[in-house]
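Structural characterization, general
For reference, the chains in residue letters:
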There are 2 protein chains.
Amino acid sequence: MILEKKRLFDAYAAKQGLRSTRQRDVILDIFLSTHEHLSVEELYLKVKASHPGIGQATVYRTLKLFVDAGLAREMTLPGGQTRYEHQLAGEHHDHLICTRCNRIVEFEDATIERLQHEIAQRHGFRLTGHKMQLCGICPACSAAEIQ
Amino acid sequence: MILEKKRLFDAYAAKQGLRSTRQRDVILDIFLSTHEHLSVEELYLKVKASHPGIGQATVYRTLKLFVDAGLAREMTLPGGQTRYEHQLAGEHHDHLICTRCNRIVEFEDATIERLQHEIAQRHGFRLTGHKMQLCGICPACSAAEIQ
DNA sequence: CAAACAAATGAAAATCATTTTCAGGACCGC
DNA sequence: GCGGTCCTGAAAATGATTTTCATTTGTTTG
Ligand SMILES: [Zn+2]
Ligand SMILES: [Zn+2]
Ligand SMILES: [Zn+2]
Ligand SMILES: [Zn+2]
């Protein structure tokens, strides 16, 4: 899984004629070691902890490479926050987001995906992607509310 | 329709103890006279054209009031652009967006809406809203592509 | 292995959308 | 009309991201 993504990035780098650098290796390793939906700042802090020399511009630049390489996905939360998560070709999920505590839960629904394609088709659109975020209050926050 | 929204804003203003100002009247009139999904900048330019004195901070502040009053809805396009559109309680639609020419087409799908609620329920979330944007290439752009 | 060139990096500056600040102006109840 | 607020516009501040540019680092070549 992790190896697969490293290979994916190597393949992309080769195809694009990118150089192999210590910084990209480090950022990729740390990104792949996480399991969350990370903000650039969060990833930058993790990187800086073990490699203080790496600047945040490099983290920004490198995350965009990961997206282009197909191993990461960029998502914009309600409120405008940008976050990055792992992604593999063929895999797909959408998000339930708690507007109180910002917890993110992933889900998949084949029926919705199919309906989305039908809608696009009905309007003559060739669908290339979609964003779906369900916003609400998570069980924990609901419970805390009642006390 | 337009009157209804004006009344909605008046009611909201009364409830919140907001004052009635020339600027808010102007911005509301111009906002209601449009039928697009407007950026703040676009609305500001329209406003400035007939009322050069009105500043953009006021446009920003006033659009947020419209959202709170329930007559406008804020949407974030892929790429991070924020836009505002008309909204009435009970009405709801989602968007098909052409990633080539930025055309926006609205649609409604009751089945998807129902499934979204079921998904939320299954995860214990109390759903308060959602964003769904289908991204693709519109018929016009597809046609232009082939030539 | 070195030289040579280009790409990548880090720090700082620039950008861009949005928010805040604040001094003056405009509502509204009296 | 008066006075206390709320509202406004201009400008400054903010925050996230991008760009710039001098320097460092890969890579290729001889
Ligand atoms: Zn929560
Ligand atoms: Zn996810
Ligand atoms: Zn198009
Ligand atoms: Zn719309």
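Notes on the structure follow. What you see is a predicted model, and the numbers here were worked out from it, not measured in a lab.

This part takes up unusual backbone geometry. Residue and element names in this part refer to chain A. A positive phi angle, close to 65 degrees, is found at Asn 102, a residue other than glycine. Along the polypeptide, Asn 102 turns up in the loop between β3 (94-98) and β4 (104-107). A residue is classified by how much of its surface remains accessible, and Asn 102, at 53% relative accessible area, is exposed.

Moving on, we get to the nonpolar core. Counting residues in each nonpolar core, the largest one holds 30 residues, and the members touching the most others are Leu96(A), Phe125(A), Leu134(A), Leu96(B), Phe125(B) and Leu134(B). Listed by contribution, the elements that provide at least two residues to this core are β3, β4, α5 (110-122) and β5 (126-137) of chain A together with β4 (94-98), β5 (104-107), α5 (110-122) and β6 (126-137) of chain B. Setting aside its immediate chain neighbours within four residues, Leu96(A) contacts Arg103(A), Ile104(A), Val105(A), Phe107(A), Leu134(A), Ile119(B), Ala120(B), His123(B) and Phe125(B).

The subject of this paragraph is the coordination of the zinc ion (ligand 2). Residues and elements named next belong to chain A. Protein-derived ligands of the zinc ion (ligand 2) are His 37 (NE2), Glu 85 (OE), His 93 (NE2), His 95 (NE2) and Glu 106 (OE), with the metal-ligand distances lying across 2.0 to 2.2 Å. Mapped onto the sequence, the donors of the zinc ion (ligand 2) take the spacing H-x47-E-x7-H-x1-H-x10-E. Here His 93 lies in the loop between β2 (82-86) and β3 and His 37 lies in the loop between α2 (22-32) and α3 (40-50), a separation of 56 residues in the sequence. Take His 93: its relative accessible area is 15%, and that puts it in the buried class.

Bringing the sheet that holds strand β3 (residues 82-86) of chain B into the picture now. All names here are of chain B. Sheet architecture is open: three strands sit in the order β1-β3-β2, paired in antiparallel fashion. Unpaired on one side and paired on the other, β1 (38-39) and β2 (72-76) mark the two borders of the sheet. Note that β1 and β3 share two bridges and pair antiparallel. Paired with Ser 39 across the bridge in β3 is Arg 83. Across the sheet, helix α4 (residues 56-69) touches β2 and β3, and the angle it forms with β2 is around 110 degrees.

Turning our attention to the pairing of β3(B). Looking down a regular strand, the side chains alternate between one sheet face and the other. All names here are of chain B. Burial analysis of β3 places four of its five residues in the buried class, the great majority of the element. Both β2 and β3 contribute to a ladder of five bridges, which runs antiparallel. Note on β3: the bridge partner recorded for Met 75 is Arg 83. Linking β2 to β3, which pair antiparallel, is a turn of five residues; within it Gly 79 sits at a positive phi near 110 degrees.

The rules behind each value
- Residues numbered from 1 in each chain as written.
- Chains lettered and ligands numbered in written order.
- Predicted model: local features only at pLDDT ≥ 70, side-chain atom pairs only at ≥ 80, totals over all residues.
- Heavy atoms only, no water.
- Helix = DSSP H or I, 4+ residues; strand = E, 2+ residues; numbered from the N terminus.
- Buried < 20%, exposed > 50% of the residue type's maximum accessible area, 1.4 Å probe, protein only.
- Core = buried A, V, L, I, M, F, W, Y, C linked by side-chain atoms within 4.5 Å.
- Contact = heavy atoms within 4.5 Å.
- Donors = N, O, S within 2.8 Å, 3.2 Å for Na, K, Ca; no water.
- Pairing = 2+ DSSP bridges.
- Axes fitted to C-alpha atoms, helices over the stretch in contact; angles between N-to-C directions.

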